[in-house]
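Descriptive analysis of the structure
What follows is each chain in one-letter form.
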Amino acid sequence: MKLSRRAKRIQRHYRRMHKAGGLNLVSLMDIFTILVFFLMVNSSDVKVLQQDKSVELPKSSAQAEPKETLLVSVTQNSILVQGRPVAEIGPDYEGELIPGLKQELDYQAQRQGNDPQAAEGYQVTLVADKNLPYKVLKAIMATCTAANYSRVSLAVNKQTAGKGESTQPLSTSAKES
């Protein structure tokens, strides 16, 4: 039996309207590609130093961004270099230099080899509790300069005017001669 034009048109329309729907993945992949590039470009803006929970950093209005340097952390009773304990000290430490710290800093300087910055001194970032006695801090800084780490930076929490503090530790330069 031969179908009329109207019947054929209705069949075509029925087949076209009752097809399984498809998902256009090309535009979805384009969106995710753009999102990935956006996140990669903007992820380098934040620089955060590794911080021990037992160390409370002082607040400062410093604007300098932290650099990737050797990290010396000082807790209430120990000194860590790059997260590894090197010396045990107490708040009543009286010495000039700290032997364990000096030995580790000499080793780290030797590992860096013939670095062009060795002539002017290596860089080190000191992460210390804000309640650490000054005499202990002075002994640590003296040990650093004795090991040719003369560019000492102190890590602080950035404090913005009137808005409290941010959670991003920053470092300020404090050079000891």
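Let's talk about a positive patch on the surface
- Taken together, the side chains of Lys-2, Arg-5, Arg-6, Lys-8, Arg-9, Arg-12, Arg-15, Arg-16 and Lys-19 present a region of like positive charge at the surface.
- You can see Lys-8 is positioned in helix α1 (residues 5–17).
- Judged by relative accessible area, Lys-8 falls into the partly exposed class, the value being 41%.

Focus on the pattern of salt bridges
- In the structure shown here, the tally under the stated rule is 2 salt bridges.
- One salt bridge connects Arg-84 with Glu-104, and the closest N-O pair in it is separated by 2.5 Å. Taken together, the residues Arg-84 in strand β4 (residues 84–88) and Glu-104 in helix α3 (residues 99–112) connect sequence positions 20 residues apart.
- Residue Arg-84 is classed as partly exposed on the basis of its relative accessible area, which comes to 45%.

Side note on the packing of α3 against helix α4 (residues 134–146)
- Relative orientation of the contacting elements α3 and α4 amounts to 35 degrees, with a least axis distance of 9 Å. In the crossing of α3 with α4, the sense of the turn from one axis to the other is right-handed. Only Ile-140, Thr-143, Cys-144 and Ala-146 of α4 make contact with α3, whose side of the interface consists of Leu-101, Lys-102 and Leu-105.
- Classifying every residue of the contact of α3 with α4 gives 5 nonpolar, 1 polar and 1 charged.

A short note on the environment of Val-156
- Here Val-156 is to be found in strand β6 (residues 151–160).
- Placed 27 residues apart in sequence, Val-156 and Asp-129 show a C-alpha to C-alpha distance of 9.6 Å.

Some details on a nonpolar patch on the surface
- Side chains of Leu-23, Leu-25, Leu-28, Met-29, Phe-32, Leu-35, Phe-38 and Leu-39 sit close together on the surface and give an oily, nonpolar patch of about 850 Å² of accessible area.
- Relative to the assigned elements, Leu-23 resides in the loop between α1 and α2 (25–42).
- Looking at Leu-23, the relative accessible area reads 70%, which means it is exposed.

A word on the pairing of strand β2 (residues 70–74)
- Burial runs high along β2: 5 of the 5 residues are buried.
- Where β2 meets strand β5 (residues 123–128), 5 bridges bridge the pair, whose relative direction is parallel. Bridge pairing in β5 places Val-74 opposite Ala-128.
- Where β2 lies against strand β3 (residues 78–81), 3 bridges are found, and the strand directions are antiparallel. Counted as the bridge partner of Val-72 is Val-81 from β3.
- Linking β2 to β3, which pair antiparallel, is a turn of 3 residues.

Comments concerning the confidence of the model for the chain
- The predicted model of the chain averages 76 in pLDDT, with 72% of residues at 70 or higher.
- When the elements of the chain are averaged for pLDDT, strand β7 (residues 164–173) gives the smallest value, 48, and α1 the largest, 89.
- Of the regions scoring below 50 in pLDDT, residues 165–177 engages in 54 contacts with residues more than four places distant in sequence or in other chains.

Parameters and conventions
Residues numbered from 1 in each chain as written. Predicted model: local features only at pLDDT ≥ 70, side-chain atom pairs only at ≥ 80, totals over all residues. Heavy atoms only, no water. Patch = residues over 30% accessible without salt bridge, like charges linked within 9 Å, V, L, I, M, F, W, Y side chains within 5 Å. Areas by Shrake-Rupley, 256 points an atom, 1.4 Å probe, with all protein chains shown as cover. Salt bridge = Lys/Arg side-chain N within 4 Å of Asp/Glu carboxyl O. Lys, Arg positive; Asp, Glu negative; His and termini not counted. Charge placed at Lys NZ, Arg CZ, Asp CG, Glu CD. Helix = DSSP H or I, 4+ residues; strand = E, 2+ residues; numbered from the N terminus. Buried < 20%, exposed > 50% of the residue type's maximum accessible area, 1.4 Å probe, protein only. Axes fitted to C-alpha atoms, helices over the stretch in contact; angles between N-to-C directions. Left-handed = near helix turned anticlockwise from the far one by under 90°. Contact = heavy atoms within 4.5 Å. Nonpolar A, V, L, I, M, F, W, Y, C, P; charged D, E, K, R; others polar. Pairing = 2+ DSSP bridges. pLDDT = per-residue confidence, 0-100.

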